[in-house]
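A look at the structure
The lines below spell out each chain.
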Amino acid sequence: MFVKYLVKNNYFNKISNLKQNKKMSNLCFTKYDQSKLKIIDIGANLSDHMYSGFYNHSNRSIHPNDVKNVLDRAFANHVEKIIITGTTLEESKEVLKIAEQSDNLYITVGCHPTRSNEFETNPDEYYKGLLNLIKENDKKVVAVGECGLDYDRLRFCSVEVQKKYFEKQLELPKETKKPLFLHCRNSYADFADILKRHHDQLYGGVVHSFTGTKEEAKIFTDLGYYIGINGCSLKTQENVDAMVSIPTEFLMIETDCPWCEIKASHAGHKYVKTRMPCIKKENWNEDILVKGRNEPAAIIQVLEIMAATRNEDIYSLADALYQNTKKVFKI
């Protein structure tokens, strides 16, 4: 009887695996060799409310949480690992819960510059909360951040507050030996100055979602920092030229989803070969991308633009980005 049970159970397990493999195959939208092209998305905001059906600040959800579906599509389209971004203490705790669902998911822990006011009530307590979260989840937390400076959105937080708590967060890598996951918008002089002052005590990292110039990119690579490229990094020809100027050994790739998708108006769009099926959010389907909402599966489009404009073989470039990311984040 026990042998019959094992045989029967084995049979149903095989059927279940076949169905899962077939579904994953149906979710693959690219024509590249899955075994030869592997990607790590270094920046995905999977705790964003859009993945729970809330759009445009609405308090009404129009579809269920679909993070699992988003992950299924990602893993079916060359994405091997994903680093989920923490932008506040509480959100870092939320993304940890998502990351615990898979061995291929990791997180950053930190406070985004536009949210730096959260430190003000009790700076030491807030810092201690970030530090403890990192120390208690060492294998899942691969970087400190998202932290930095953002002078494009000073309506959310003043320059003085941002600089104060950016510097305070630079104490976290000194205590944990973690690399940094950095945010810089229209603040390159102050940002570089702060990093230079602490340089000898830090452990490197990446300036993610880079939209700066060739000269600004060189400042960071000269300091040993990597540069994260996504759709926002490829909007204008100047953006593309800056990306092309960065040595391959200093590049990483990301989506920064649900934002920073590749749009038809972008300078790099003409190099996109993989078209992602998408529908309006009102017609949500668990197996199809939502129009206007970026996700890790679409990272292949960023890679296609990078490879074409840099005149590099897409497989070789993908491998270089993959190895860069593994080396820095030790994953």
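Our subject is the structure listed above.
Read on for a plain summary of the structure. (Residues numbered from 1 in each chain as written. Predicted model: local features only at pLDDT ≥ 70, side-chain atom pairs only at ≥ 80, totals over all residues. Heavy atoms only, no water.)

Look at helix 9 (residues 237-245) against helix 10 (residues 299-310): their axes get within 10 Å of each other, and the N-to-C directions meet at 75°. What the angle tells us is that helix 9 and helix 10 run roughly perpendicular. Between helix 9 and helix 10, the residues in contact are Val 240, Met 243 and Val 244 and Met 306, Thr 309 and Arg 310, respectively. Class assignment for the residues of the contact of helix 9 with helix 10 results in 4 nonpolar, 1 polar and 1 charged. (Axes fitted to C-alpha atoms, helices over the stretch in contact; angles between N-to-C directions. Helix = DSSP H or I, 4+ residues; strand = E, 2+ residues; numbered from the N terminus. Parallel < 35°, antiparallel > 145°, perpendicular 65-115°, else oblique. Contact = heavy atoms within 4.5 Å. Nonpolar A, V, L, I, M, F, W, Y, C, P; charged D, E, K, R; others polar.)

One finds Phe 220 and Leu 303 to be the most contacted residues of the largest nonpolar core, which totals 83 residues. It is helix 10 that provides the largest number of residues to this core, a total of 7 residues. Ile 40, Val 142, Val 206 and Tyr 322 belong to the second-largest nonpolar core, a separate cluster that totals 14 residues. (Core = buried A, V, L, I, M, F, W, Y, C linked by side-chain atoms within 4.5 Å. Buried < 20%, exposed > 50% of the residue type's maximum accessible area, 1.4 Å probe, protein only.)

Right, let's talk about the pattern of salt bridges for a bit. A full pass over the atoms with the stated rule returns 17 salt bridges. When the shortest N-O distance is used, the salt bridge between Lys 68 and Asp 72 registers 3.1 Å. On the criterion of helical spacing, the pair formed by Lys 68 and Asp 72 is a turn pair, its members being 4 residues apart in helix 2 (residues 67-76). We note a salt bridge from Arg 310 to Glu 312, for which the minimum N-O separation is 2.7 Å. (Salt bridge = Lys/Arg side-chain N within 4 Å of Asp/Glu carboxyl O.)

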